[in-house]
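Observations on the model geometry
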Amino acid sequence: MRKLRVKIFLYGASEVIRYAVCRKKRRRIFAAMEFKMNINEIKDQICDICHKMWQLGWVAANDGNVSVRLDDGTFLATPTGVSKSFITPDILVRINDKGEVLEAAEGRRPSSEIKMHLKCYSERPDVGAVLHAHPPTATGYAVANKALDEYTMIESVIAIGSVPVTPYGTPSTDEVPEAIAPYLQEHDVMLLQNHGALTVGADLITAYYRMETLELFAKISLTAHLLGGAQEISRENIDRLCNMRAQYGVTGKHPGYKKYNK
């Protein structure tokens, strides 16, 4: 308060007010510039992840979709009808929490699976990114309606735990969001029956890593079964590994020890 009186005495009340208003405007401008920079960085990251998905053979044609929650509560999403190999920053779509388009290039709409993404965000405030793809081996398990629920790999036990197969849902309808909803409170990774895989994360890189972990674990599991069956880790060591998540700073949800296959 004393400093304010001194400024008014030295410069006059009108000058102090004008300075305060300009300072407030500058803060708003800087905040807008920072938000714009963050969006551009996130757009580049989305494109990089999309290209990786295509290069790894997780998607074909127009398969797969990616979204990220922004600091202002809106979302960036990949557009419908575009191969992930052709995704560029200028064609990404910004939407609100109802799926309504806020910013988009002419003729661009968000992925038809956006309802599934928005369900993840509404059910899980900790989720900052959602990734959907069709990694071949993991999707093979989804098509066979077989959960990846064996606790056989140390890394997958810590990172994702068991992976359920969610009930069948017709793409782009409310059936898919409704099918995944019961699993979101315990799982960051899911197989979608006859469809593909879904991962969520605090950020896009985490969601991407979880998809990598899922596909590698599916490959290893399939190989182990071809060799006569996988050897599961003891329950005591499974619990120890699950408790190490905090030590490693692993975010998100984990089902603990949970089986789905009969």
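For clarity, every value in this text was computed on a predicted model and none was experimentally measured.

**A closer look at the pairing of strand 7 (residues 189-192)**
Of the two faces of strand 7, the one lined by Val 189 and Leu 191 and the one lined by Met 190 and Leu 192 are each fully buried. Relative to strand 7, strand 6 (residues 165-166) runs parallel, the two being bridged by two bridges. Bridge pairing in strand 7 links Val 165 to Leu 191. In terms of handedness, the path from strand 6 via helix 6 (residues 175-180) over to strand 7 forms a crossover that is right-handed. Relative to strand 8 (residues 196-201), strand 7 is paired through four bridges, and the arrangement is antiparallel. Directly across from Met 190, in strand 8, lies its bridge partner Leu 198. Taking the residues between adjacent antiparallel strands as the criterion, strand 7 and strand 8 are bridged by three residues, where Asn 194 takes a positive phi near 55°.

**A few points about the packing of helix 4 (residues 136-143) against helix 7 (residues 204-226)**
When two helices pack together, their arrangement is captured by the angle between the axes and the distance separating the axes. At a minimum axis distance of 7 Å, the contact between helix 4 and helix 7 shows a crossing angle of 70°. On the basis of their axis angle, the class for helix 4 and helix 7 is roughly perpendicular. Between helix 4 and helix 7 the crossing geometry is left-handed. Of helix 7, the residues touching helix 4 (which contributes Pro 136, Thr 137, Ala 138 and Tyr 141) are Leu 214, Glu 215, Ala 218, Lys 219, Ser 221, Leu 222 and His 225. Each residue belonging to the contact of helix 4 with helix 7 can be placed in one class, and the counts come to six nonpolar, three polar and two charged.

Rules behind the numbers
- The numbering scheme is per chain: residues are counted from 1 as the chain's sequence reads.
- Local features are withheld for residues below a pLDDT of 70 in this predicted model, meaning they are given only at 70 or higher, and side-chain atom pairs are given and counted only at 80 or more; totals for whole chains, interfaces and linings count all residues.
- Derived side-chain values reflect all non-hydrogen atoms in the structure, with water molecules and hydrogen atoms excluded from consideration.
- The rule is simple: take the accessible area with a 1.4 Å probe, protein chains only, and divide by the maximum for that residue type; under 20% is buried, over 50% is exposed, in between is partly exposed.
- For the purposes of this entry, the term helix denotes a DSSP run of H or I that reaches at least four residues, the term strand denotes a run of E that reaches at least two, and both are numbered from the N terminus.
- Strands are labelled as partners when DSSP assigns at least two bridges between them.
- The handedness of a crossover follows from its direction of travel: if, with the strands pointing away from the viewer, the path from the first strand over the helix to the second runs clockwise, the crossover is right-handed.
- Note on method: axes are straight lines fitted to C-alpha atoms, helices fitted across the in-contact stretch only, with angles between N-to-C directions ranging 0 to 180 degrees.
- Should an angle lie under 35 degrees it is considered roughly parallel, over 145 roughly antiparallel, and from 65 to 115 roughly perpendicular; all remaining angles are considered oblique.
- Handedness of a helix crossing follows the sense of rotation of the near helix relative to the far helix, less than a right angle counterclockwise being left-handed and clockwise being right-handed.
- Should any heavy atoms of two residues lie within 4.5 Å, those residues are counted as being in contact.
- Residue polarity follows a fixed list, in which Ala, Val, Leu, Ile, Met, Phe, Trp, Tyr, Cys and Pro are nonpolar, Asp, Glu, Lys and Arg are charged, and the others, Gly among them, are polar.

These results come straight from atomic positions and should not be treated as a statement about function.
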